[in-house]
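Structural description and commentary
Residue-level listing of the chains:
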Amino acid sequence: MSDPTQLLAAYRRDGFVVVPPMTPHEIWAPLAGELPSVFAEAGPQRFFEEDGTTVRAVYGLHRKGGPWRALAEASPLTALDRLLIGEDMYVYQWKVNPKAARLGDRWQRHRDFDFRQAADGMRRPAALTAAVFLDEVTEENGPLRLIPGTHPDRPAAAEPPGGAGDEEDDWAWITSNRLAYALPDDSTEELARTRGVYEATGPAGTTVLFHGNLVHSSGPNRSERTRTLALISYNAVSTAPPAGHPGARPDFFVNHDAKPLPAGED
Ligand code: SIN
Ligand code: MN
């Protein structure tokens, strides 16, 4: 691990850190071979782009074992997560966003906590997401764009959006290119101008760890290369959403078992 004191200071200041490809590469590399079958698996955990055929996101990977579980529990990763979260944690959400070549669309500026609070009743933004690059990410294929220092901002008191989710299986407000809690362009333009925007690029295996209240987005993929991100969100056990919260997302979306992970050693 790079110097833990510096990593923690950078995370507290900026709300994210970027670390070079995790070693050994066997921790993350085997997932590439698993992706076709996960994308082909029909079910409520799979979401498409507007064309209805290009896979945009697959949730619920905490329910799979093998290399999925191995990555989420790999000690070089959990040691970092534990350092940054600072308390016992568990895998809250485990998803893959492939952002297909030419067809993968944007994710508007948002804070993950707004969705977690509205949907699941999460009370405090202690969670972080580890975005592990399963492809090389460049400026052209739709990198994550993070606005540094936005994580301590006071979260909005989000209610589930009126009218959305009327259909039991209509989760477009969380997964589409028009998010229910997309932040207004005018206020975030100002934020982007004053604080700058960090575009997270790098070779496969690079990992970005970002705070659940950090403003982030990504543009469409206009290139000929996919931009697959493994997105594993770890939450503090003390902030596990209350059981039985009305409207809480089902198990194919989030993990309701807050059993702590063993903290990794590095
Ligand atoms: C996210 O905000 O969940 C990820 C956005 C992306 O895949 O670029
Ligand atoms: Mn997000």
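Residues numbered from 1 in each chain as written. Chains lettered and ligands numbered in written order. Predicted model: local features only at pLDDT ≥ 70, side-chain atom pairs only at ≥ 80, totals over all residues. Heavy atoms only, no water.

For the rest of this paragraph, the subject is the overall build of the protein chain. The secondary structure content of the protein chain amounts to 7 helices and 11 strands. Relative to its full complement of 266 residues, the protein chain shows a buried share of 53%. The contacts of the protein chain with a sequence gap of at least 6 include a subset with a gap of at least 24, amounting to 87%. Of the roughly 11900 Å² of accessible surface on the protein chain, a fraction of 50% belongs to carbon and sulfur atoms. Computed over 27 positive and 37 negative side-chain charges, the inter-centroid distance for the protein chain is 2 Å. (Helix = DSSP H or I, 4+ residues; strand = E, 2+ residues; numbered from the N terminus. Buried < 20%, exposed > 50% of the residue type's maximum accessible area, 1.4 Å probe, protein only. Contact = heavy atoms within 4.5 Å. Areas by Shrake-Rupley, 256 points an atom, 1.4 Å probe, with all protein chains shown as cover. Lys, Arg positive; Asp, Glu negative; His and termini not counted. Charge placed at Lys NZ, Arg CZ, Asp CG, Glu CD.)

Turning our attention to the side chain of Thr 150. Counting through the fold element by element, Thr 150 comes out in the loop between strand E7 (144–146) and helix H6 (172–175). Assessed through its relative accessible area of 0%, Thr 150 is described here as buried.

Here the largest pocket defines a volume of roughly 320 Å³. Forming the boundary of the largest pocket are 14 residues, of which His 62, Arg 69, Glu 73, Asn 255 and Leu 261 lie nearest the centre. Of all elements in the fold, only helix H3 (66–72) and strand E4 (89–97) reach the threshold of two or more residues within the lining of the largest pocket. Counting residues per element, the lining of the largest pocket draws most heavily on E4, at 3 residues. (1 Å grid on protein atoms, 1.4 Å probe; cavity = no way out; pocket = protein on both sides within 12 Å on 5 of 7 lines; lining within 4 Å. Points joined across faces, edges and corners; volume = space filled by probe spheres on them.)

This brings us to the pairing of strand E11 (residues 229–236). Summarising burial for E11: 8 of the 8 residues are buried, a large majority. Along E11, one buried face is formed by Leu 229, Leu 231, Ser 233 and Asn 235 and the opposite face, lined by Ala 230, Ile 232, Tyr 234 and Ala 236, is buried too. Bridge analysis of E4 against E11 gives 8 bridges, and the strand direction is antiparallel. Each bridged residue has a counterpart across the sheet, and for Gln 93 the counterpart in E11 is Ser 233. Of the strand pairs in this sheet, strand E6 (residues 128–133) and E11 are connected by 6 bridges, and their pairing is antiparallel. Across the sheet, residue Phe 133 finds its bridge partner in E11, namely Leu 229. (Pairing = 2+ DSSP bridges.)

Turning to the environment of His 110, a few remarks are in order. Here His 110 shows up in strand E5 (residues 107–110). Distance in space between the C-alpha atoms of His 110 and Met 89 is 23 Å, their sequence separation being 21 residues. Here His 110 is in contact with Phe 115, Leu 179, Tyr 181, Leu 183, Leu 214, Val 215 and His 216, once residues within four sequence places are set aside. For His 110, the side chain forms a polar contact with the side chain of Asp 112, separated by 3.0 Å. (Polar contact = N/O pair within 3.5 Å; in protein donor to acceptor, adjacent residues only side chain to side chain.)

Pairing within the open sheet is antiparallel, and its 4 strands lie in the order E5-E10-E7-E8. Two strands in the sheet have a free side with no partner beyond their single neighbour: E5 and strand E8 (198–200). Strand after strand, the sheet turns through a mean of 25 degrees between neighbouring axes, direction not considered. Bridge count for E5 against strand E10 (residues 216–218) is 2 bridges, and the pairing is antiparallel. From the neighbouring strand, Trp 107 faces E10, where its bridge partner is Ser 218. (Axes fitted to C-alpha atoms, helices over the stretch in contact; angles between N-to-C directions.)

What follows is about the site of ligand 1. Every residue lining ligand 1 is accounted for by Lys 95, Asn 97, Lys 99, Trp 107, His 110, Leu 144, His 216, Ser 218, Arg 227 and Leu 231. His 110 has a polar side-chain atom sitting 3.1 Å from an oxygen atom of ligand 1. Here Arg 227 contributes a side-chain N or O atom positioned 2.7 Å from an oxygen atom of ligand 1. Notes on ligand 1: free accessible area 260 Å², of which the protein chains cover 97%. In a pocket analysis with a 2 Å cut-off to the grid points, ligand 1 is assigned to the largest cavity. Elements with a minimum of two residues in the shell around ligand 1: E4, E5 and E10. Here the residues of the shell around ligand 1 are counted per class, giving 3 nonpolar, 4 polar and 3 charged. (Near = heavy atom within 4 Å. Sits in = over half its atoms within 2 Å of the grid points. Nonpolar A, V, L, I, M, F, W, Y, C, P; charged D, E, K, R; others polar.)

A few words on the nonpolar core. Grouped together as the largest cluster of nonpolar side chains are 39 residues, with contacts concentrated most on Trp 68, Leu 71, Leu 77, Trp 94, Leu 209, Ile 232 and Tyr 234. Apart from the residues within four sequence positions on either side, Trp 68 is in contact with Leu 31, Glu 34, Leu 35, Val 38, Leu 61, Trp 94 and Val 96. Of all hydrophobic cores here, the second largest spans 19 residues; its members include Tyr 59, Tyr 90, Met 122 and Trp 171. (Core = buried A, V, L, I, M, F, W, Y, C linked by side-chain atoms within 4.5 Å.)

Right, let's talk about the packing of helix H1 (residues 4–14) against helix H4 (residues 75–85) for a bit. Two numbers describe a pair of packed helices, the interaxial angle and the distance between the axes. Running from amino to carboxyl end, H1 crosses H4 at an angle of 55 degrees, the nearest separation of the two axes being 10 Å. In terms of orientation, H1 and H4 fall into the oblique class. Crossing geometry of H1 relative to H4 is assigned as right-handed. Taken together, the residues of H4 that come into contact with H1 (itself represented by Pro 4, Leu 7, Leu 8 and Tyr 11) are Leu 80, Leu 83 and Leu 84. (Parallel < 35°, antiparallel > 145°, perpendicular 65-115°, else oblique. Left-handed = near helix turned anticlockwise from the far one by under 90°.)

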